[in-house]
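# Chains, contacts and geometry: an overview
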Amino acid sequence: MSDARNLGRVAVLMGGRSSEREVSLSSGSGVLAALRSSGVDAVSFDPGRQSLAELESARFDRVFNMLHGVGGEDGTIQGVLEWLRVPYTGSGVLASAIGIDKQATCALWESIGLPVPKGRVVTDAAEVPALLAELGPSLVVKPNKDGSSFGVVKLEDATAETLAEAIRSSQEVETDVIVEQRIHGREFTCALLGEGAGTQALPVVEIMAPGGDYNSVNKYQGNEVKYACPAPLDDAKTEEMKRLAVEAYRAVGARGWGRIDTMMEPDGTIYLLEINTNPGMTPHSLVPMAARAIGVSYEELVLRVAAEARLDR
Ligand SMILES: Nc1ncnc2c1ncn2[C@@H]1O[C@H](COP(=O)(O)OP(=O)(O)O)[C@@H](O)[C@H]1O
Ligand SMILES: [Mg+2]
């Protein structure tokens, strides 16, 4: 385990300006408490409220980046930290910029033969009839970069009218929305630690939301969603899911830690939905749950991720 004293003075970035600000504050408070209880000299830093000049003048030894979404998980704050030469947790500039963009990520995965739902980014409602012809009437509309399931609309038997309406509603969250084929089946997530050939997959988590609807409300509130970790899959499926997650993580060039969301159809076909390069660390979050399944506590997980903070080469 990493020695808390070697980590130096740590700034935990949390909050920020994205739609996931509240989730980030929750993740960040957990991480800050874990660092402090392990004896690390750690303070919180909110780029949504504090000037980045303060980040520079405070001369931190490292940053634990617990920002979610645009501005914190998309390569921009990573670029600032590169410029300031302050090592930070998680993925670097390019992997973060790819990972935040679901369409870019899926295009990359598809190009190396990894399984993704068919779909594309739509900005203009005039494309609706062509989309229906291409993708069929069972669809998911979601913001390309936003997270936490904000603005996700699921359609069955979509018509030009209902699809156009779903696009409009998703565009209230973000102008660039993805329309993709809806996968019917079980939902999973796989957490990854490390990087490159040293990437390690944690036990797969199955997410069982009421009515199969894992939305922004039941993601963070209440106890409606049930989880199983390790997911009840046979050994071959478990290995396949982990192998796909590792390949997908490495293809993006992710490092430190991350989480890949997947779904599996009843015939066993697995699809990759997205990568999260700064995964949640709230009380409901899935990476700490997966770590716990192999006997790694929340505090140990935080120390391990913090110890791997670095700059792009
Ligand atoms: N193609 C799809 N088919 C079925 N459900 C989907 C699909 N894409 C997303 N979902 C559902 O919406 C949720 C959020 O989508 P996701 O791509 O993980 O984005 P984010 O978590 O960033 O909001 C998923 O957890 C899943 O329940
Ligand atoms: Mg997700």
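Figured I'd write up the structure that's included with this text. Predicted, not measured: the structure shown is a model, and the values here were computed from it. Numbering of residues begins from 1 in every chain and follows the order in which that chain's sequence is written. Written order determines the labels here, with chains lettered from A and ligands numbered from 1. Selection of residues for local features in this predicted model requires a pLDDT of at least 70, selection of side-chain atom pairs for listing and counting requires 80 or more, and totals for whole chains, interfaces and linings are taken over all residues. Based on all heavy atoms of the structure, the side-chain values leave hydrogens and waters out of the count.

## Some points on the layout of surface pockets
- Put plainly, a pocket is an open set of points on a 1 Å grid over the protein atoms alone with protein on both sides within 12 Å along at least five of seven lines, a cavity is a set where a 1.4 Å probe fits but cannot get out, and a lining residue has an atom within 4 Å of a point. Grid points are joined across faces, edges and corners, and a volume is the space filled by probe spheres set on the points. Within this model, the second largest pocket holds a volume of roughly 220 Å³.
- In this structure, the second largest pocket is lined by 15 residues; those nearest its centre are G16, R17, P47, G71 and I77.
- If you tally residues by element for the lining of the second largest pocket, the top one is helix α3 (residues 76-84), at three residues.
- In this count, Pro and Cys sit with the nonpolar residues alongside Ala, Val, Leu, Ile, Met, Phe, Trp and Tyr, while Asp, Glu, Lys and Arg are called charged and the others, Gly among them, polar. The residue makeup of the lining of the second largest pocket, split by class, is six nonpolar, eight polar and one charged. In this text, helices come from DSSP runs of H or I with a minimum length of four residues, and strands from runs of E with a minimum of two, each type numbered from the N-terminal end.

## Points about the pattern of salt bridges
- Criterion for a salt bridge: a side-chain nitrogen of Lys or Arg within 4 Å of a carboxyl oxygen of Asp or Glu. Enumeration over the complete set of coordinates arrives at 17 salt bridges.
- For the salt bridge of E156 with R182, the shortest nitrogen-to-oxygen distance reads 3.0 Å. Of this pair, E156 sits in the loop between β6 (153-155) and α7 (160-171) while R182 sits in the loop between β7 (177-181) and β8 (186-193), placing them 26 residues apart in sequence.
- With its nearest N and O atoms 3.1 Å apart, the salt bridge here joins E165 to R168. One end of the pair, E165, and the other, R168, are both in helix α7, three residues apart, so they sit about a helical turn from each other.
- Judged by its relative accessible area of 48%, R168 is partly exposed. When accessible area is computed with a 1.4 Å probe and restricted to protein chains, residues below 20% of their type maximum are described as buried, those above 50% as exposed, and intermediate ones as partly exposed.

## Some points on the packing of aromatic side chains
- Any pair of Phe, Tyr and Trp rings, taking the six-membered ring for Trp, is counted once the centres come within 6.5 Å. Such a pair is stacked with planes under 30 degrees apart, edge-to-face with planes over 60 apart, and tilted for the rest. In total, this model carries one aromatic pair according to the counting rule given.
- Seen in terms of ring centroids, F64 and W257 are 6.0 Å apart; in terms of plane orientation they differ by 75°. Their pairing is edge-to-face. With F64 in strand β3 (residues 62-65) and W257 in strand β12 (residues 257-264), this pair connects stretches of sequence that are 193 residues apart. As far as burial versus exposure is concerned, F64 and W257 are alike and both buried.

## Quick look at the coordination of the magnesium ion (ligand 2)
- Around the magnesium ion (ligand 2), the protein contributes the donor atoms D261 (OD) and E274 (OE), which lie 2.0 to 2.1 Å from the metal centre. Here D261 is found in strand β12, whereas its partner E274 is found in strand β13 (residues 270-276), with 13 residues between them in sequence. We note that D261, like E274, is buried. Coordination partners: N, O, S within 2.8 Å of the metal, 3.2 Å for Na, K and Ca; water not considered, so apparent gaps in a site are possible.

## Comments concerning the pairing of strand β5 (residues 139-143)
- Of all five residues in β5, five are buried; the element is thus mostly enclosed.
- In β5, alternate side chains face the same way, and those of L139, V141 and P143 on one face and V140 and K142 on the other are all buried.
- What makes two strands pair is DSSP finding at least two bridges between them. In this structure, β5 lies alongside β6, joined through three bridges in antiparallel fashion. Among the inter-strand pairings, V140 is bridged to a residue of β6, identified as K154.
- Two elements, β5 and β7, share five bridges in a ladder whose sense is antiparallel.

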